[in-house]
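The chain contents come next:
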Amino acid sequence: AGMLADACGLGLSAGQILLNRGIDTPNEAGAFLDATLRGLSSPEPMVDRGAASERIGRAIRARERIVVFGDYDVDGTTSALILSEVIEALGGEARTLIADRFRGGYGLSEQALNRCLAESPGLLITCDCGSSDHERIASANAKGVDVVVVDHHLVPKETLPALAFLNPHRAECGFAYKGLCSAGLAFSLGAALRSEMGATLDLRRWLDLVAVGTIADLAPLTGDNRRLVRAGLKSLGAQSARPALAALRQAAKIPQASQLTARDVAFRFSPRLNAPGRLGSADLTRRFLMAKSPKEAWALLEEIEAQNDERKALTNCAAEEAEAQALEVYGDTPSSGLVVASEGWHRGVVGIVAARLVDAFGVPAAVIALDGTHGHGSVRTDGAVDVHDALGRCASELGAWGGHRAAAGFSLDQGALDSFRASFSDATRVAGAAGPPPIDVDVALGGAFRVPSVEDLSLIHI
């Protein structure tokens, strides 16, 4: 730790923190500490990036109507806005639509596709969804609409019938950094589109949305994400910040002189921006982020604050009942995944409740909001178990399902609840009683390990 710290001009504690993060050479440390945009991975090996920019460029030149469709979470909304605004800045015509949790649900559902086609587009771009929407994309193609998919969800084996498919998780994608969320991918596609159009557009004005989308989606703050987020946080703190984000900063009581951090965005911005999507009105977040003036932003923020207050109340009530149900069914030291369900829970908050159960019990948790004979659930894990894989092993009990290693969603018939509970338990069984997850410690202070300086911490943390 001492040698690394000396080589980087850091204190001993900061050197130990780097070692604990797996950074053990001065070259690696230099790249980590000097996280600037010039170090971004080359985008050239990204499969279909060129095809996507060529098709969008052709649509702009021909004045084709383009529909940009985003999922209802913050990553989906910000990535859709980035692409729509870039397209319009380059002279195109873009209509931005956001998924609705209660009218079609996640992704490019049949209902969502019909909303998109009602706009009579020549080109449809999906953001933060589409990787698993083979049938709907084929249906769009049959109606003469080309589809470009921009997504970072796990990729099924079946070939996607899209004209272009940007997703770092495609087996054939040679892009070096696999951690980009959809906002980061949209930013990269925007850069390709700028080149395609031969424009001089300054893309840095969209780094604020890239940072918000990346942090809100819990993407790893490493590599390219670290570079993009660090630059985006500086943009968020500038006097020229977009009115919505300036209003959020004031509402969160963060002084203008303070440097915004990823923690600020994660705990003060993200819950507010996610609340409308959880309660079924994600378009409110889109309109808020697009606000042109402080007056318009503040008026929309009042609506968002009211929805966030409602979300908090619904979450707290459901979380108390879910923990009590889990204790009754599984006891306080379960050794496999929990499944809890109720008619009284709002389906927009089950993901947050599942995360709270993971914190309390230390095992994967599936929380299901029942509605008559049907249920919608969310699954979370502490990382030890791949819940996407676990749901795959329970697929016979489920309707639709999908997501990531750490978080996933599904639907099921109420009659399949007991069999799903048993199969989820088998798919997530861990050795021994798990208990609450251990606390991660960067470095134990004492002796030679002194409190790091503000300068050291500002280099390490964003």
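Presented here is an overview of the structure given in this document. (Residues numbered from 1 in each chain as written. Predicted model: local features only at pLDDT ≥ 70, side-chain atom pairs only at ≥ 80, totals over all residues. Heavy atoms only, no water.)

**Considerations on the state of the cysteines**
All chains considered together, the criterion is met by 0 disulfides. The closest cysteine sulfur to the non-disulfide-bonded C173 is located on C181, 15 Å from its own sulfur. Residue C173 is classed as buried on the basis of its relative accessible area of 7%. (Disulfide = S-S within 2.5 Å. Buried < 20%, exposed > 50% of the residue type's maximum accessible area, 1.4 Å probe, protein only.)

**Section: the packing of helix α12 (residues 262-279) against helix α14 (residues 294-330)**
Running from N to C, α12 and α14 point in directions that differ by 75°, and their axes come no closer than 8 Å. In terms of their interaxial angle, α12 and α14 are classed as roughly perpendicular. Where α12 approaches α14, its residues P271, R272, A275, P276, R278 and L279 are matched on the opposing element by I304, E305, Q307, N308, E310, R311 and L314. Across the contact of α12 with α14, the residue classes tally to 6 nonpolar, 2 polar and 5 charged. (Axes fitted to C-alpha atoms, helices over the stretch in contact; angles between N-to-C directions. Helix = DSSP H or I, 4+ residues; strand = E, 2+ residues; numbered from the N terminus. Parallel < 35°, antiparallel > 145°, perpendicular 65-115°, else oblique. Contact = heavy atoms within 4.5 Å. Nonpolar A, V, L, I, M, F, W, Y, C, P; charged D, E, K, R; others polar.)

**Remarks on the sheet that holds strand β8 (residues 374-380)**
The sheet built from 5 strands is open, its strands ordered β6-β7-β8-β10-β9 with mixed pairing. Unpaired on one side and paired on the other, β6 (338-342) and β9 (401-403) mark the two borders of the sheet. Each adjacent strand pair in this sheet contributes to an overall mean axis angle of 15°, direction not counted. In terms of strand pairing, β8 meets strand β10 (residues 407-413) through 7 bridges, oriented antiparallel. Of the residues in β10, the one forming a bridge with R380 is A407. This element, helix α17 (residues 417-427), spans β6, β7 (365-371), β8 and β10 of the sheet and lies at about 160° to β6. (Pairing = 2+ DSSP bridges.)

**Structural notes on the pattern of salt bridges**
Within this structure, the stated rule accounts for 22 salt bridges. One salt bridge in this structure joins R170 and D48, with 3.0 Å as the shortest N-O distance. Pair noted here: R170 is in the loop between β5 (164-166) and α8 (182-197) and D48 is in the loop between α3 (26-33) and α4 (49-61), with a separation of 122 residues, a long-range link. Given the relative accessible area of 24%, D48 is considered partly exposed. A salt bridge links E54 to R58; its shortest N-O distance comes to 3.2 Å. In this pair, E54 and R58 both sit in helix α4, 4 residues apart, roughly one turn of the helix. Given the relative accessible area of 40%, R58 is considered partly exposed. Overlapping salt bridges, with partners in common, bring together D48, R170 and E172 in one network. (Salt bridge = Lys/Arg side-chain N within 4 Å of Asp/Glu carboxyl O.)

**Concerning the environment of A59**
Mapped onto the secondary structure, A59 falls in helix α4. When the C-alpha atoms of A59 and F32 are compared, they prove to be 39 Å apart, with 27 residues separating the residues in sequence. Leaving out residues up to four positions away in the same chain, A59 has contacts with E64, I66 and L123.

**A few points about the sheet that holds strand β2 (residues 93-98)**
With parallel pairing, the 5 strands of this open sheet are ordered in space as β2-β1-β3-β4-β5. The open sheet has two edge strands, β2 and β5, and neither has a second partner. Mean inter-strand twist for the sheet, computed between neighbouring axes without regard to direction, equals 15°. With 6 bridges joining them, strand β1 (residues 65-70) and β2 adopt parallel strand pairing. Bridge pairing in β2 links V67 to R95. Of the strands in this sheet, β1, β2, β3 (123-127) and β4 (146-150) touch helix α5 (residues 74-89), which is tilted by about 170° from β2. Here α8 sits on the sheet and contacts β4 and β5; the angle it forms with β4, its principal contact strand, is near 125°.

**Notes on helix α10 (residues 223-236)**
Taking 1.5 Å per residue as the helical rise, α10 with its 14 residues ought to reach 20 Å, and the 20 Å between its terminal C-alpha atoms agrees with that figure. Most of α10 is tucked away, with 10 of its 14 residues classed as buried. Turning to α10, its buried residues number three or more, namely D224, N225, R226, R227, L228, V229, R230, G232, L233 and L236. Looking at the packing, one finds that the buried side of α10 touches α3, α8, α9 (207-216), α11 (243-251), α12 and α18 (454-460). (Expected span 1.5 Å × (residues − 1).)

**As for the packing of aromatic side chains**
If you walk through the whole model with that rule in mind, you get 2 aromatic pairs. Judged by centre distance (5.5 Å) and plane angle (35°), the rings of F420 and F424 are tilted. Placement of both F420 and F424 in helix α17 is noted, with a separation of 4 residues, approximately one turn of the helix. Neither residue differs from the other here; F420 and F424 are each classed as buried. An aromatic cluster is built from F410, F420 and F424, whose rings are joined through pairwise contacts. Looking at R226, its charged tip hangs above the ring of F32, at a distance of 3.6 Å from the centre. One Lys or Arg, R263, reaches over the ring of F267 and ends 4.6 Å from the middle of that ring. (Phe/Tyr/Trp six-rings, centres within 6.5 Å; stacked < 30°, edge-to-face > 60°. Lys NZ or Arg CZ within 6 Å of the ring centre and 35° of its normal.)

**As for the side chain of D264**
Here D264 shows up in helix α12. Once you skip the residues sitting within four places of it in the chain, D264 turns out to touch I254, Q259 and F269.

**Quick look at the pairing of β8**
Examined bridge by bridge, β7 and β8 share 7 bridges and lie antiparallel to one another. Paired with V367 across the two strands is S378, which belongs to β8. The turn joining β7 and β8, which pair antiparallel and follow one another in sequence, is formed by 2 residues; a positive phi near 70° is taken by G372.

**Here's the deal with the pairing of β7**
For β7, the buried fraction is high: 6 of the 7 residues fall into the buried class. Bridge count between β6 and β7: 5 bridges; the pairing is parallel. Following the sheet pairing, L338 is matched in β7 by A365.

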